[in-house]
Amino acid sequence: MLPSKNTARVKPETDRHVLVALDESENAKRALLYAADFLGGSPGFRVTLLSIIADPSEDYFTSSSERDAWIKDKISRSKELLHGYREILVQSGFRVDKVDVKVEVKNCPSIADCILEIQRELGCCTIVVGRRGISKKEEFIFGSTSNKLLHSGKNCAVWVIE
Amino acid sequence: MVNQSIMDRGEFTQEDLKKLAAQCIGHVRVPDKFRIITDTSNFFSVDFNDILVLDGNPYLIRNYEREGRFGIEDQPKYWVKRAIELTTGKLKVIKMVFPEKFTARIGDLTFDCVRSPKKEARILELVRGHRNFMQGMSTKDSAGNIIRIIDYIRGSTMADYVLTLGNDHYEYFFEFFPPLLNDYIDLVKAIQFLHNSGEKHGDIRRDHIIRSKHDSSYCWIDFDFNYWHQENMFTYDMFGLGNILIYLVGRGDVTSQHLRKSSTSVFDQLITGDLNIVFNNRVANLQKVYPYIPDVLNNILLHFSFSADTFYDDTDQFLSDLEEAKTYINTFTK
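Residues numbered from 1 in each chain as written. Chains lettered and ligands numbered in written order. Predicted model: local features only at pLDDT ≥ 70, side-chain atom pairs only at ≥ 80, totals over all residues. Heavy atoms only, no water.

A short note on the overall build of chain A
Under the convention used in this document: Strands here mean DSSP runs of E at least two residues long; helices mean DSSP runs of H or I at least four residues long; both are numbered from the N terminus. The cut-offs for exposure are 20% and 50% of the maximum accessible area for each residue type, with area from a 1.4 Å probe on protein chains only; residues under the lower value are buried, those over the upper are exposed, and the others partly exposed. Here a residue-residue contact requires only that any non-hydrogen atoms of the pair lie within 4.5 Å. Using a 1.4 Å probe, the Shrake-Rupley method yields the accessible areas, and only the shown protein chains count as cover for residues.
Scanning chain A from terminus to terminus reveals five helices and five strands. Seen in sequence order, chain A has helices and strands lined up from the N terminus as β-α-β-α-β-α-β-α-α-β. In terms of principal-axis extent, the alpha carbons of chain A reach across some 70 × 35 × 30 Å. Counting all 162 residues of chain A, 40% fall into the buried class. Sequence-distant contacts in chain A: of pairs separated by 6 or more residues, those separated by 24 or more amount to 75%. Here chain A displays about 9,100 Å² of accessible surface, and carbon together with sulfur accounts for 49% of that area.

Written as structure tokens, this is what we have:
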């Protein structure tokens, strides 16, 4: 029996939105392959592949044109990388329209904070990242994105792929 | 100080410069003729007794500065000269452009660094009037090089000063350390100000804090380093702040080598977790050496030790913990 027009409220199907944060590293690739293997072919998921380019200080460059060229090159390489990864997800069973690619140049005192900002913007329920496997000393000096995400992430799951 | 008629003319003859220089260094030491420089691109050629003219102001060049770096003491810094501002007679430090990109090494870790006059010029502007930073201004020479003109500070490094305090650690810790901790907290707040403004110091070391002989205030110097940070922009500055705190609490470096010779009973109790996470011969868990150091302070030091599971990401939590330690220490030392 069909529900009455007055009382029926068909809740639209909402995909669970997963954010995979990536860079050019092997551990990021492992995270992507894990997401493809784990979620590929499952209905009800959409994925955004994210690459953040920390807006570099002018101090590292001799001129603004050199800086602009660096950013342009970085954006181009990141887009190429993410489109390659998008293909992997599609081959694993994701529909083409369920995988987005996002390259962001942002002022990032902390990369993890920038990832969380985008997670909130997009309303993602899950973040997937790779773990670099750095030493305690390296974490102390440089910081750890995965650890920061684990500590600071709110209202979302964080998958750290070894 | 300056002869107004000379200034009014807007340019300086050799005779003008001699008159001005004589007021500063005495007639006897004035050379027969000055070499006048406006382009510092080849800073090696800027020499003693030259006159560097910047923004129409003449500076009489004196000696170059020296500095220890990465464990190597007293390296000449030919791009940094002391100079007398002839219009005021004031001593200045002139920092010329030395474009340098290098890989810094701390223990077995490496990262890319750059020496940036732009960064230092930007921060000089940002911290104008802040008592915990060196003061100065930046300008460009005739070739467009960014030159920083810094007020010379008479005094010593905080590191050297600390070593002169107290007959022993006990006396130092109860008499001299409490006010020193207040000064240190002010210095951390100054770094917090930089971080909140989107800047890092970049080279936080104990010899980059100068104690003014004039008013006993402390200020950060030399912020022209920048580095490609990874996850967190500020963690390297935090590492520097931690090392300085350990140095202040210990009244200098307390090393395992020294303890092995001077206090074997303490040395025998040390474990790897007690040591500085980066400098593996320095003791961070100083309570093992000086048991009267209270937990509230020692727990801060342990954040910089091998045993630490969590680190300070920024100055906020660090300052909060330091304030708590200060309150406690001020109570029991009164």
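Topic: the domain arrangement of chain B
Filter applied, for reference: What marks off one domain from the next here is an automatic or database domain assignment.
Parsing chain B into structural domains produces domain 1 (4–97 + 135–151) and domain 2 (155–333). The straight-line distance from the C-alpha centre of domain 1 of chain B to that of domain 2 of chain B is 36 Å.

Considerations on unusual backbone geometry
Despite not being glycine, Asn155 of chain A has its phi angle at roughly 55°, a positive value. Of note, Asn155 of chain A is situated in the loop between helix 5 (145–152) and strand 5 (157–161). For Asn155 of chain A, a relative accessible area of 78% gives the class exposed. Unusually for a residue other than glycine, Asn49 of chain B sits at a positive phi of about 75°. Tracing the chain through its elements places Asn49 of chain B in the loop between strand 1 (36–37) and strand 2 (51–54).

Observations concerning the nonpolar core
Residues and elements named next belong to chain B. To keep things clear, this is the line we draw: Each nonpolar core is a collection of buried residues, namely Ala, Val, Leu, Ile, Met, Phe, Trp, Tyr and Cys, held together in the definition by side-chain atoms within 4.5 Å.
The biggest cluster of nonpolar side chains holds 92 residues, and the ones touching the most others in it are Tyr184, Trp220, Leu248, Phe318 and Leu322. When residues in this core are grouped by element, the largest group, 12 residues, is from helix 5 (residues 169–196). Residues from two domains meet in this core; each of domain 1 (4–97 + 135–151) and domain 2 (155–333) gives at least three. Apart from the residues within four sequence positions on either side, Leu248 is in contact with Met158, Val162, Tyr172, Phe177, Leu180 and Tyr184.

Comments concerning the interface of chain B and chain A
Selection criterion: Buried area is calculated as the accessible area (1.4 Å probe) missing from two parts once they are joined, with the contributions of both summed. Any carboxyl oxygen of Asp or Glu that lies within 4 Å of a side-chain nitrogen of Lys or Arg is treated as forming a salt bridge with it. As used in this structure description, the phrase polar contact means that two N or O atoms lie within 3.5 Å; if the pair is within protein, one of them must be able to donate a hydrogen and the other to accept it, and residues adjacent in sequence are counted only when both atoms belong to side chains.
The interface of chain B with chain A comprises 34 residues on the first partner and 25 residues on the second. Across the chain B/chain A interface, buried area totals approximately 2,600 Å², and carbon plus sulfur atoms make up 57% of it. The tally of links between chain B and chain A comes to three salt bridges. Between Arg122 of chain B and Asp59 of chain A there is a salt bridge whose closest N-O contact spans 2.8 Å. The interface formed by chain B and chain A includes 22 residue pairs in polar contact (both at pLDDT 80 or more). For the side of chain B that touches chain A, the secondary-structure elements that each account for two or more residues are strand 7 (109–115), helix 3 (117–126), strand 13 (225–227) and helix 6 (235–250) of chain B. If one sorts the elements of the side of chain B that touches chain A by residue count, strand 7 of chain B sits on top with four residues.

A word on the packing of helix 3 (residues 111–122) of chain A against helix 5 of chain A
All names here are of chain A. Cut-off, in case you're wondering: Note on geometry: axes are lines fitted to C-alpha atoms, helical ones only across the stretch in contact, with angles between N-to-C directions running from 0 to 180 degrees. Roughly parallel here means an angle under 35 degrees, roughly antiparallel means over 145, roughly perpendicular means 65 to 115, and every remaining angle is called oblique. Helix crossings get a hand from a simple test, with the near helix turned counterclockwise from the far one by less than a right angle marking a left-handed crossing and a clockwise turn marking a right-handed one. Residues are grouped as follows: nonpolar covers Ala, Val, Leu, Ile, Met, Phe, Trp, Tyr, Cys and Pro; charged covers Asp, Glu, Lys and Arg; every other residue, Gly included, is treated as polar.
Relative orientation of the contacting elements helix 3 and helix 5 amounts to 50°, with a least axis distance of 8 Å. For the element pair helix 3 / helix 5, the angle class is oblique. Crossing of helix 3 against helix 5: the hand is right-handed. Between helix 3, through Ile111, Ala112, Asp113, Ile115 and Leu116, and helix 5, the contact on the second element is made entirely by Thr145, Lys148, Leu149 and Ser152. Classifying every residue of the contact of helix 3 with helix 5 gives five nonpolar, two polar and two charged.

Side note on the pattern of salt bridges
Inspection of the entire model under this criterion finds 35 salt bridges over all chains. Close ionic contact of Lys106 of chain A with Glu117 of chain A constitutes a salt bridge, the shortest N to O distance being 3.0 Å. Of the two residues, Lys106 of chain A sits in strand 3 (residues 99–106) while Glu117 of chain A sits in helix 3, which places them 11 residues apart along the sequence. When the shortest N-O distance is used, the salt bridge between Lys288 of chain B and Asp274 of chain B registers 2.8 Å. Linking Lys288 of chain B in the loop between helix 8 (264–269) and helix 9 (295–302) with Asp274 of chain B in the loop between helix 8 and helix 9, this pair joins segments that are 14 residues apart in sequence. Given a relative accessible area of 27%, Lys288 of chain B falls into the partly exposed group. When salt bridges that share partners are traced, they join Lys77, Lys95, Glu100, Arg115, Glu120, Arg148, Asp222 and Asp224 of chain B into one network.

Brief notes about the sheet that holds strand 13 of chain B
Residue and element names in this part refer to chain B. Convention followed: Any two strands with at least two DSSP-identified bridges between them are counted as paired.
Reading across from one edge, 6-7-13 is the order of the three strands in this open sheet, with antiparallel pairing throughout. Of all the strands in the sheet, just strand 6 (100–106) and strand 13 have a single pairing partner and so form its edges. On average, each strand axis in the sheet is tilted by 40° relative to the strand beside it, whichever way the strands run. Where strand 6 lies against strand 7, seven bridges are found, and the strand directions are antiparallel. In the sheet register, Glu100 faces strand 7, and the bridge partner there is Arg115.

Some words on the state of the cysteines
Residues and elements named next belong to chain A. Stated precisely, the cut-off is as follows: When two cysteine sulfur atoms are found within 2.5 Å, that pair is recorded as a disulfide.
The final tally for this structure, using the stated rule, is one disulfide over all chains. With a sulfur-sulfur separation of 2.1 Å, Cys108 is cross-linked through a disulfide to Cys114. Around the S-S axis, the bridge from Cys108 to Cys114 shows a dihedral of about -125° and counts as left-handed. Owing to a relative accessible area of 3%, Cys108 belongs among the buried residues under this scheme. Cys125 provides the cysteine sulfur closest to Cys124, a residue in no disulfide bond, and the two sulfurs are 7.3 Å apart.

Notes on empty space enclosed by the protein
To be explicit about the condition: Using protein atoms alone on a 1 Å grid, points that fit a 1.4 Å probe yet trap it form a cavity, whereas open point sets bounded by protein on both sides within 12 Å along at least five of seven lines form a pocket; residues with an atom within 4 Å of a point count as lining. Grid points are joined across faces, edges and corners, and a volume is the space filled by probe spheres set on the points.
Within this structure, the stated rule accounts for two cavities of 30 Å³ or more. For the largest cavity, the calculated volume is near 60 Å³. Around the largest cavity sit 10 residues that line it, and Glu67, Lys77, Arg115, Asp222 and Asp224 of chain B are the ones nearest its centre. Partitioning the lining of the largest cavity into residue classes produces one nonpolar, one polar and eight charged. Its boundaries defined by the atoms lining it, the second largest cavity holds a volume of some 40 Å³. Taken together, Ile141 and Phe142 of chain A together with Phe111, Tyr227, His229, Gln230, Asn232, Thr235 and Tyr236 of chain B form the lining of the second largest cavity.

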